[in-house]
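Here is how the chains run, residue by residue.
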Amino acid sequence: LAPIINSDIQSTTGHMAAIFINFGLLMISSLIIFFYNKRQLQITICYVIIIGWLILTAMILFCPFVVKSDSITVIERKFLPIVFCALAVLMAFLAIRNIKKDIELIKSADRIR
């Protein structure tokens, strides 16, 4: 679907905040890969990422992102962004679980020595 460019539709500050939160979470998620030697820090950052995605999900559900005039009708489809946010939260939980498994594996290898 092509976006409709119209001067009667204006973005809100909530929309701009959601864009910055989304960009920040994506950057943190990408950079966390390089902290492989600091596993506890990775787990902490994963919890922060989960909280951030939950905040972004609440913003998508409850904040209006456009201001419209009476003559313009804006159809909002919120299903796909919610699915992506849910997948991001699920992936962060899976990352936490696998990091904890890695910590246990390292601890068991240290006991053998």
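Described below are features of the structure shown in this document. A quick note: this is a predicted structure, and the numbers were derived from the prediction, not measured.

Conventions adopted
Per chain, residues are indexed from 1 in the order of the written sequence. pLDDT decides what is reported in this predicted model: residues at 70 or higher carry local features, side-chain atom pairs at 80 or more are listed and counted, and totals for whole chains, interfaces and linings draw on all residues regardless. For the side-chain quantities, the full set of heavy atoms in the structure was used; hydrogens and water were omitted. Secondary structure counts use DSSP, requiring at least four H or I residues in a row for a helix and at least two E residues in a row for a strand, with both numbered from the N terminus. By definition, residues are in contact when any of their heavy atoms lie within 4.5 Å. Patches draw on residues past 30% relative accessible area with no salt bridge. Two like charges within 9 Å are joined, as are two nonpolar side chains (Val, Leu, Ile, Met, Phe, Trp, Tyr) within 5 Å. Using a 1.4 Å probe, accessible areas were evaluated by the Shrake-Rupley method; residue-level cover was limited to the displayed protein chains. By convention in these notes, a salt bridge is any Lys or Arg side-chain nitrogen within 4 Å of a carboxyl oxygen on Asp or Glu. Accessible area is worked out with a 1.4 Å probe on protein chains only. A residue is then buried under 20% of its type maximum, exposed over 50%, and partly exposed in between. To define a nonpolar core, start from buried Ala, Val, Leu, Ile, Met, Phe, Trp, Tyr and Cys residues and group those joined through side-chain atoms within 4.5 Å. For a helix, the expected span equals 1.5 Å multiplied by the residue count minus one. The arc in question is traced by the directions running from the helix axis to the C-beta atoms. As used in this structure description, the phrase polar contact means that two N or O atoms lie within 3.5 Å; if the pair is within protein, one of them must be able to donate a hydrogen and the other to accept it, and residues adjacent in sequence are counted only when both atoms belong to side chains.

1. Digging into the side chain of Thr57
Along the chain, the position of Thr57 falls in helix α2 (residues 39-62). Excluding anything up to four places from it in sequence, Thr57 contacts Ile82 and Cys85.

2. Some words on a nonpolar patch on the surface
A contiguous nonpolar patch, built from Phe79, Leu80, Phe84, Leu87, Leu90 and Met91 and spanning about 660 Å² of accessible area, is present on the exposed surface. Within the element layout of this structure, Met91 appears in helix α3 (residues 79-112).

3. Observations concerning the pattern of salt bridges
Should the charged atoms of two oppositely charged side chains come close, the side chains can pair. By the definition in use, this model includes one salt bridge. We note a salt bridge from Arg39 to Asp102, for which the minimum N-O separation is 2.7 Å. Of this pair, Arg39 sits in helix α2 while Asp102 sits in helix α3, and the two are 63 residues apart along the sequence. Taking relative accessible area as the criterion, Arg39 reaches 23% and is therefore assigned partly exposed. On the basis of relative accessibility, which here comes to 30%, the residue Asp102 falls in the partly exposed class.

4. Brief notes about the nonpolar core
Counting residues in each nonpolar core, the largest one holds 20 residues, and the members touching the most others are Ile49, Trp53 and Leu56. When neighbours within four sequence positions are excluded, Ile49 is seen to be in contact with Leu25, Ile28, Ser29, Ile32 and Ala92.

5. Structural notes on helix α1 (residues 13-31)
Taking 1.5 Å as the rise per residue, α1 with 19 residues should run 27 Å; its terminal C-alpha atoms sit 27 Å apart, in good agreement. Within the sequence span of α1, burial applies to Gly14, Ala18 and Leu25. The arc enclosing the buried residues of α1, seen along the axis, measures out at 45°, which places them on a common side. Exposed and facing more than 90 degrees away from the buried side of α1 are Thr13, Phe20 and Phe23. Taken together, the buried residues of α1 touch α2.

6. Quick look at the side chain of Gln42
Structurally, Gln42 can be placed in helix α2. Among the polar contacts listed, one links the side chain of Gln42 to the backbone oxygen of Ile32, at a separation of 3.2 Å. Not counting residues up to four positions away in its chain, the partners in contact with Gln42 are Ile32, Ile33, Phe35, Tyr36 and Ile99.

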